[in-house]
Amino acid sequence: MPLNMGLGTLAQNQVFKQKNRWIFYIDGVSGLGGSTTNGISALPPSKSARPNFSFKELEVQHVTETIYFPGKPDWKPVNLTLYDLKQNQHPVFEWVKKVYDPSTGQYKTSCDNNFKKTGNLCLYSGDGYLLEQWTFENAWPQMVEFGDLDMGVADVITCEITLRYDRAYISYNGCLDEPQYTPSISSDFTQNNVFNFV
């Protein structure tokens, strides 16, 4: 009997997650355009990625063999590119200033000032229902690039953050017949929002 090379009845029971239907929420930094936290408007995301990790190896010598076991997980940094919209306060720079203010040279400890934040990467269906949510615990900007400039192009300016985080996990894995869910973050949009994608 020949192998069935199809993917099943796609229109009835398959939903493809798409690379362009997502929002990365970091309170006061990244999210829907116009959402605010403490008067600071979040910047809408342009590019990012789901998390990656590898296990550090434990090596055990056994007679004539070397045997390996999985050790500590090593979560890899994730890049987040934001559209750099005109704001009264720059969300990324305000985040950096929680530990380092270059105008004064002051450095503060990151343990007690909410420098580390929770990030929520949400993937949506075409009609705005949540399909998948990744939670990034204790995320912080390891590197920030405010972007180059070029008189010869008319591109919009972006800001790129390299995010370090302690761990990441799938905190919601829904389907289209379940109620709409939006991460509980401090912003102006509500849990009943349904986003329209084209």
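Here the structure is a predicted model, which means the values were calculated and not measured. (Residues numbered from 1 in each chain as written. Predicted model: local features only at pLDDT ≥ 70, side-chain atom pairs only at ≥ 80, totals over all residues. Heavy atoms only, no water.)

**Observations regarding the nonpolar core**
Phe24 and Phe136 are the most contacted members of the largest nonpolar core, which totals 23 residues. For this core, the elements supplying multiple residues, two or more each, are strand 1 (22–26), strand 7 (78–83), helix 2 (91–96), strand 10 (117–124), strand 11 (130–145) and strand 12 (158–164). Setting aside chain neighbours within four positions, we find phenylalanine 136 in contact with Phe24, Ala49, Pro51, Val78, Lys117, Thr118, Gly119, Leu121, Tyr165, Arg167 and Ala168. Counting six residues, the second-largest nonpolar core is a separate cluster that includes Ile23, Tyr25, Tyr124 and Tyr172. (Core = buried A, V, L, I, M, F, W, Y, C linked by side-chain atoms within 4.5 Å. Buried < 20%, exposed > 50% of the residue type's maximum accessible area, 1.4 Å probe, protein only. Helix = DSSP H or I, 4+ residues; strand = E, 2+ residues; numbered from the N terminus. Contact = heavy atoms within 4.5 Å.)

**Some words on the packing of aromatic side chains**
For the structure on display, the rule yields eight aromatic pairs. Ring geometry for phenylalanine 53 versus tryptophan 75: centroids 4.7 Å apart, planes at 35°, classification tilted. Placement of phenylalanine 53 in strand 5 (residues 53–62) and of tryptophan 75 in strand 6 (residues 65–75) is noted, with a sequence separation of 22 residues between them. Arranged with centres 6.2 Å apart and planes meeting at 50°, the rings of tryptophan 95 and phenylalanine 115 form a pair that is tilted. Here tryptophan 95, found in helix 2, pairs with phenylalanine 115, found in the loop between strand 9 (106–107) and strand 10; they are 20 residues apart in sequence, far enough to count as distant. Taken together, Phe24, Phe53, Phe55, Trp75, Phe136 and Tyr165 form an aromatic cluster joined through their ring pairs. (Phe/Tyr/Trp six-rings, centres within 6.5 Å; stacked < 30°, edge-to-face > 60°.)

**Considering the confidence of the model for the protein**
On average, the protein scores 84 in pLDDT, and the residues at 70 or more come to 78%. Across residues 184–194 the pLDDT falls below 50, and counting only partners more than four positions away or on other chains, this stretch makes 23 contacts in the model. (pLDDT = per-residue confidence, 0-100.)

**Topic: the pairing of strand 10**
The buried count for strand 10 comes to seven of eight residues, which makes it a mostly enclosed element. Pairing of strand 1 with strand 10, which is carried by five bridges, proceeds in the antiparallel orientation. Bridging across to strand 10, isoleucine 26 finds its partner in glycine 119. Looking at chain direction, strand 10 and strand 11 are connected through seven bridges and run antiparallel. Bridging from a neighbouring strand, glycine 119 pairs with phenylalanine 136 of strand 11. The hairpin turn running from strand 10 into strand 11, its antiparallel successor, is five residues long, and glycine 128 in that turn takes a positive phi close to 90°. (Pairing = 2+ DSSP bridges.)

**Here's the deal with the pattern of salt bridges**
Summed over all chains, the structure comprises six salt bridges. With its nearest N and O atoms 2.8 Å apart, the salt bridge here joins arginine 50 to glutamate 132. Of the two residues, arginine 50 is situated in the loop between strand 4 (45–47) and strand 5 and glutamate 132 in strand 11; the sequence distance between them amounts to 82 residues. Residue classification places arginine 50 among the partly exposed residues on the basis of a relative accessible area of 42%. Salt-bridge contacts for glutamate 94 lead to lysine 97; the nearest nitrogen and oxygen are separated by 3.5 Å. Put simply, Lys17, Arg50 and Glu132 are held in one network by salt bridges that share partners. (Salt bridge = Lys/Arg side-chain N within 4 Å of Asp/Glu carboxyl O.)

**Here we look at the side chain of glutamine 133**
Structurally, glutamine 133 is set in strand 11. Of note is the side chain of glutamine 133, whose polar atom sits 2.8 Å from the side chain of asparagine 120. (Polar contact = N/O pair within 3.5 Å; in protein donor to acceptor, adjacent residues only side chain to side chain.)

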